[in-house]
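In case you want the letters, here they are:
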Amino acid sequence: MTSTHWQAWHEPYADENSALSRRLRLVQQHIAAWLDRRPDEEVTVVSACAGQGHDLIGLLATRPDTRRVRATLLEYDTGNVAAAQAAAGGAGLTNLVIRQADAGRLSSYAGVVPADLVLMAGVFGNISDADVQRTINALPQMCAAGATVIWTRTRRAPDLTPAVREWLAEAGFVQDAFEAPEDARFSVGVHRFEGVPRPLDITATIFTFLP
Ligand SMILES: C[S@@+](CC[C@H](N)C(=O)[O-])C[C@H]1O[C@@H](n2cnc3c(N)ncnc32)[C@H](O)[C@@H]1O
């Protein structure tokens, strides 16, 4: 099978010194810290545009407490879905489902939200600014009360992350962390939802990936 652009996108993960691997470690550290802050709790996680699931699957594979984590990965690309399924199976993650779906349509989240942790890694840099804002405004439909959103975004000029953080604040989120290493262009944000969850509007489309 020919590798698609979005399968090839994952290749730098093979190099532990790549910027993508650095970003991955930060995302995983924040997921791990989030889990450690609520030991023994049953939690739900949804990952939008999850790719091959390196962040969540890679982390859960190293932990003894995965049975309390019910996770759904939304991913469009058939090869990436297959890779994520193989990784999850290899790690024995029976509570993790990979749903082949368009994460830009809120109907794809039916039955899996509100979630306690929402991962938006590799999304905000691949959609229009207007779609970033629309997606942030829709997060209260994906988040349970007190949920956390972990997101990433390049800071390549013009840097959208100041606007992203402002839009998150306007949508009811409080910043727990914002990692923006000086020697890299990626950033990782961790925001906690302090607003009121809203019902899912399954008719809405919140983003379309740019070609
Ligand atoms: C930049 S990659 C990020 C992958 C993963 N979240 C990570 O950080 O390693 C974006 C992923 O989104 C997927 N994708 C693109 N459009 C999508 C859509 N409408 N719904 C779900 N996944 C989509 C691509 O196939 C790709 O795997």
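In the block above lies the structure referred to throughout.
Residues numbered from 1 in each chain as written. Predicted model: local features only at pLDDT ≥ 70, side-chain atom pairs only at ≥ 80, totals over all residues. Heavy atoms only, no water.

Asker: Please give an account of the pattern of salt bridges that cites residues and values.
Answerer: Counted according to the given criterion, the structure contains eight salt bridges. Where Arg 192 meets Asp 176, a salt bridge forms, and the shortest distance between an N and an O atom there is 2.9 Å. A residue pair is termed long-range when its members are at least 10 positions apart, and Arg 192 in strand S7 (residues 186-193) and Asp 176 in strand S6 (residues 173-179) qualify at 16 residues. Accessibility expressed as a relative area gives 38% for Asp 176, which makes it partly exposed. For the salt bridge of Arg 192 with Glu 194, the shortest nitrogen-to-oxygen distance reads 2.6 Å. (Salt bridge = Lys/Arg side-chain N within 4 Å of Asp/Glu carboxyl O. Helix = DSSP H or I, 4+ residues; strand = E, 2+ residues; numbered from the N terminus. Buried < 20%, exposed > 50% of the residue type's maximum accessible area, 1.4 Å probe, protein only.)

Asker: Run through the pairing of strand S4 (residues 115-120), naming residues and quoting values.
Answerer: The two faces of a sheet get side chains in turn, since along a regular strand they alternate between them. The element S4 is largely enclosed, with a buried count of five among its six residues. For strand S1 (residues 43-48) and S4, the ladder comprises three bridges, and the chain directions are parallel. Counterpart to Val 45 in the pairing with S4 is Leu 117. The pairing of S4 with strand S5 (residues 143-154) spans five bridges and is classified as parallel. The partner of Val 118 across the bridge, within S5, is Val 149. (Pairing = 2+ DSSP bridges.)

Asker: Now, about the sheet that holds S6: what can you tell me, with residues and values included?
Answerer: In spatial order, the strands read S3-S2-S1-S4-S5-S7-S6; together these seven strands make up an open sheet with mixed pairing. The two strands at the open ends of the sheet, each matched to only one other strand, are strand S3 (96-100) and S6. The average angle at which neighbouring strand axes cross in this sheet is 15°, direction not considered. Where S5 and S7 come together, seven bridges link them in antiparallel fashion. Pairing of Arg 153 across the sheet is with Ser 187, part of S7. Against the sheet, helix H4 (residues 78-90) touches strand S2 (69-75) and S3, its axis set at about 170° to S3. (Axes fitted to C-alpha atoms, helices over the stretch in contact; angles between N-to-C directions. Contact = heavy atoms within 4.5 Å.)

Asker: Provide a residue-level description of the pairing of S6, including the pertinent values.
Answerer: As judged from the six bridges shared by S6 and S7, these two strands associate in the antiparallel manner. Each residue of the ladder has a partner; that of Phe 173, found in S7, is Phe 193. Connecting S6 to the next strand, S7, in antiparallel fashion are six residues.

Asker: Give a detailed account of the site of the ligand, specifying residues and quantitative values.
Answerer: In the vicinity of the ligand, 19 residues are found, and the nearest of them are Tyr 13, Arg 23, Cys 49, Glu 75 and Ala 121. Tyr 13 places a side-chain nitrogen or oxygen 2.6 Å from an oxygen atom of the ligand. Cys 49 places a polar main-chain atom, nitrogen or oxygen, 2.8 Å from a nitrogen atom of the ligand. Here the ligand has 600 Å² of accessible area as a free molecule, and 96% of this is covered by the chains. (Near = heavy atom within 4 Å. Polar contact = N/O pair within 3.5 Å; in protein donor to acceptor, adjacent residues only side chain to side chain. Areas by Shrake-Rupley, 256 points an atom, 1.4 Å probe, with all protein chains shown as cover.)

Asker: So what's going on with the environment of Thr 208? Which residues, and what values?
Answerer: Within the fold, Thr 208 resides in the segment after S7. Overall, Thr 208 belongs to the exposed group, its relative accessible area being 53%. Separated by 76 residues in sequence, Thr 208 and Val 132 have C-alpha atoms that sit 10.0 Å apart. Beyond its immediate stretch of four places on either side in the chain, Thr 208 contacts Asn 126, Ile 127 and Asp 131.

Any functional reading would require information beyond the geometric quantities listed.
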